[in-house]
Amino acid sequence: MRLDVVTIFPEYLDPLRAALLGRAIDRGLIEVGVHDLRDWTHDVHRAVDDAPYGGGPGMVMKPQIWGPALDDVCGENTRLVVPTPAGRPFTQAMAHQYATEEHLVFACGRYEGIDQRVIDDAARRMPVDEVSIGDYVLVGGEAAVLVMVEAVVRLLPGVLGNARSAEEDSFSDGLLEGPSYTRPEVWRDLAVPDVLRSGNHALIDRWRRDQALERTVRRRPELIGQLPEGSLDKHDLAV
Ligand SMILES: COc1ccc2nc(C(=O)O)sc2c1
């Protein structure tokens, strides 16, 4: 997979080259390009924004700059992802879908966003997703790209040391993950649940499933209704 990011703050994407993601790049599992949008400007001020038609606060990013940038960065098999507070919610299912893509390009907006014609023009040549990472508003798309890239790249074969981690993720079975514990057995008079030290793996798996169900019902009840038909067995329903 190749990932490209276009931004006016390329240094904001430096974390992509750290830790797990950095190791995935070093191991050739992914290729990452970060591009400064201002490299496509031609004026002395390297301007990337202008006042909005129709008035209103803030500035809008210029199509004459974004268009050539995306022309150069996008290819034949690109999916363009545009983080925006007005986008579709980014989900684990989308992360799995993106993990199958050959080439993802992330266009990071700032100010009041990118002129809509940039997205509309790109959509004439490639799949384009306008995506939000949550019901809050950031200052720009860069932080959203860091979140989405981490969620996607960790799903690629070979990236996570223990393949089981990705399979056992929160949301992998539609439920939130339950609590986790490690040594010592008692810490500040708080003990690890006995079942986890029982060695009875059938019992442990059942306990973990119950914990995940209870946590999901308590914290994200709407996820229960979204579970695929037949996901809950009679024991689950008794929880
Ligand atoms: C101007 O570019 C922005 C601004 C806010 C923002 N907020 C996002 C979010 O997913 O919450 S993406 C995004 C992009």
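Worth saying up front: this structure is predicted, and the values here are computed from it rather than measured.

Chemist: What's the story with the overall build of the protein in this structure? I'm lost.
Modeler: Helices and strands together make up the secondary structure of the protein, namely nine helices and nine strands. Across its three principal directions, the C-alpha atoms of the protein cover 70 × 40 × 40 Å. Residues classed as buried in the protein amount to 41% of the 239 residues present. By sequence separation, contacts in the protein at least 24 residues apart represent 73% of the contacts at least 6 residues apart. Taken together, the 26 basic and 39 acidic charged side chains of the protein have centroids lying 5 Å from each other.

Chemist: In this structure, what is going on with the site of the ligand? I would like to understand it.
Modeler: In the vicinity of the ligand lie 16 residues, with Gly-109, Ser-132, Ile-133, Tyr-136 and Leu-138 positioned nearest. Taking Tyr-136, its main chain carries an N or O atom lying 2.8 Å from an oxygen atom of the ligand. In this structure, a nitrogen atom belonging to the ligand sits 3.2 Å away from a main-chain N or O atom of Leu-138. Considering the ligand on its own, with 360 Å² of exposed area, one finds that the protein chains cover 96% of that surface. Sorting elements by how many residues they give to the shell around the ligand places strand β5 (residues 78-89) first, with three residues. Class assignment of the residues belonging to the shell around the ligand gives a composition of eight nonpolar, seven polar and one charged.

Chemist: Before we go on, may I ask you to explain the pattern of salt bridges in this structure?
Modeler: Pairing of side chains with opposite charge becomes possible as their charged atoms draw close. This structure, assessed with the given rule, holds 19 salt bridges. Arg-2 is the partner of Asp-4 in a salt bridge, and the nearest nitrogen-oxygen pair spans 2.7 Å. Taking relative accessible area as the criterion, Arg-2 reaches 29% and is therefore assigned partly exposed. Of the charged contacts in the structure, one is a salt bridge between Asp-39 and Arg-46, with a shortest N-O distance of 3.0 Å. Taken together, the salt bridges that share partners define one network made up of Asp-173, Arg-206, Arg-209, Asp-210, Asp-233 and Asp-236.

The rules behind each value
Residues numbered from 1 in each chain as written. Predicted model: local features only at pLDDT ≥ 70, side-chain atom pairs only at ≥ 80, totals over all residues. Heavy atoms only, no water. Helix = DSSP H or I, 4+ residues; strand = E, 2+ residues; numbered from the N terminus. Buried < 20%, exposed > 50% of the residue type's maximum accessible area, 1.4 Å probe, protein only. Contact = heavy atoms within 4.5 Å. Lys, Arg positive; Asp, Glu negative; His and termini not counted. Charge placed at Lys NZ, Arg CZ, Asp CG, Glu CD. Near = heavy atom within 4 Å. Polar contact = N/O pair within 3.5 Å; in protein donor to acceptor, adjacent residues only side chain to side chain. Areas by Shrake-Rupley, 256 points an atom, 1.4 Å probe, with all protein chains shown as cover. Nonpolar A, V, L, I, M, F, W, Y, C, P; charged D, E, K, R; others polar. Salt bridge = Lys/Arg side-chain N within 4 Å of Asp/Glu carboxyl O.

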